[in-house]
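Architecture at a glance
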Amino acid sequence: MTNETATTATALPLAPGNWALDPLHSAVNFTIRHLGIAKVRGRFNGVRAELYVGERVEDIRVSATIDLATIDTGNPDRDAHVRASDLLDVAQRPTMDFRSTRIAGEGGDWTMEGELTIGEVTRPVTLAVEFGGLVEVPVDGSRHAGFEATGEIRRGDFGLDFAPGLLGEVVKIQLDMQFVEPKGA
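Residues numbered from 1 in each chain as written. Predicted model: local features only at pLDDT ≥ 70, side-chain atom pairs only at ≥ 80, totals over all residues. Heavy atoms only, no water.

Note that strand S1 (residues 17–21) and strand S4 (residues 47–53) share four bridges and pair antiparallel. In the strand pairing of S4, Ala20 is matched with Glu50. As judged from the two bridges shared by S1 and strand S11 (residues 167–180), these two strands associate in the antiparallel manner. Opposite Leu21, over in S11, you have Phe179 as the bridge partner. (Pairing = 2+ DSSP bridges. Helix = DSSP H or I, 4+ residues; strand = E, 2+ residues; numbered from the N terminus.)

Turning to the environment of Gln92, a few remarks are in order. For Gln92, the position within the fold is in the loop between helix H1 (76–83) and strand S7 (95–106). Given a relative accessible area of 58%, Gln92 falls into the exposed group. A sequence separation of 52 residues divides Gln92 from His144, and the C-alpha atoms of the two residues are 35 Å apart. (Buried < 20%, exposed > 50% of the residue type's maximum accessible area, 1.4 Å probe, protein only.)

With that out of the way, let us pick up the nonpolar core. Judged by nonpolar contacts, the single largest core of 48 residues is most densely connected at Leu14, Trp19 and Leu51. Here Leu51 is in contact with Leu14, Gly17, Asn18, Trp19, Ile60, Arg61, Val62, Phe147 and Phe179, once residues within four sequence places are set aside. (Core = buried A, V, L, I, M, F, W, Y, C linked by side-chain atoms within 4.5 Å. Contact = heavy atoms within 4.5 Å.)

Bringing a positive patch on the surface into the picture now. Together, Arg33, Lys39, Arg41 and Lys172 make up a region of like positive charge exposed at the surface. Structurally, Arg33 can be placed in strand S2 (residues 27–34). (Patch = residues over 30% accessible without salt bridge, like charges linked within 9 Å, V, L, I, M, F, W, Y side chains within 5 Å. Areas by Shrake-Rupley, 256 points an atom, 1.4 Å probe, with all protein chains shown as cover. Salt bridge = Lys/Arg side-chain N within 4 Å of Asp/Glu carboxyl O. Lys, Arg positive; Asp, Glu negative; His and termini not counted. Charge placed at Lys NZ, Arg CZ, Asp CG, Glu CD.)

Positioned with a positive phi, Leu35 is a non-glycine residue whose angle comes to about 60°. Its location among the elements puts Leu35 in the loop between S2 and strand S3 (38–44). Note on Leu35: relative accessible area 45%, which makes it partly exposed. With a phi close to 55°, Asp89 is a non-glycine residue in the positive phi region. A relative accessible area of 15% means that Asp89 is categorised as buried.

Turning to the side chain of Asp89, a few remarks are in order. Along the chain, Asp89 turns up in the loop between H1 and S7. No salt bridge forms around the buried Asp89; measuring N to O, its nearest opposite-charge neighbour Arg93 is 4.8 Å away. Residue contacts for Asp89: discarding those within four places in its chain leaves Val82, Arg83 and Ala84.

Evaluated as defined, the whole model comprises three aromatic pairs. Arranged with centres 5.2 Å apart and planes meeting at 35°, the rings of Phe131 and Phe147 form a pair that is tilted. Of this pair, Phe131 sits in strand S9 (residues 121–136) while Phe147 is found in strand S10 (residues 143–154), placing the two residues 16 residues apart along the sequence. We classify Phe131 as buried; its relative accessible area is 4%. Judged by centre distance (6.2 Å) and plane angle (70°), the rings of Phe147 and Phe179 are edge-to-face. Residue Phe147 is found in strand S10, and its partner Phe179 is found in strand S11; the two are separated by 32 residues along the sequence. Both residues of the pair, Phe147 and Phe179, belong to the buried class. Grouping aromatic residues by their ring pairs yields a cluster made of Phe131, Phe147 and Phe179. (Phe/Tyr/Trp six-rings, centres within 6.5 Å; stacked < 30°, edge-to-face > 60°.)

Set out below in structure tokens:
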């Protein structure tokens with residue numbers, strides 16, 4: 001296996017084209033405070049994402065759609081309540097969508113700016129992105145690129161101001177994503 005990393009702000013060692021998400025090796029996780037004293041951790045199991053790589057860093061685009069009904073905090077009763085109309089209301093807000101607008105950085109550290117939409121509300125979001133590298137998988141010869149993105153959103157910015165005092169305002173996000181190089185690249 002080889003592990004290559006980016007060396008300049010204007011080039012990446014990624015082949016141009018549409019990179020497909022490897023859902024078996026990717027995760028969308030979050031943390032939120034409960035009662036101000038403890039953290040509840042969870043994940044969304046339904047995610048679709050695409051990484052488009054152009055000739056230059058300025059041409060890179062990332063898009064993702066998360067199925068909010070796939071929330072998993074390890075407690076099925078809590079998850080059902082969070083999906084309900086008095087909280088997240090997945091009937092009215094079925095997805096969370098992200099579209100990048102700008103990517104900048106070098107080496108292993110990058111910043112991705114974009115727009116996050118939950119229901120009818122769209123707000124700007126900035127994520128810190130760590131490029132984990134590029135590896136050839138010996139089993140099938142495919143090449144995978146790995147990324148970790150972290151950031152936070154404020155629930156009230158998206159009209160999700162239910163349960164004040166019970167749930168924290170800030171939701172911390174951690175994305176661990178692997179993308180597969182386009183065939184023939």
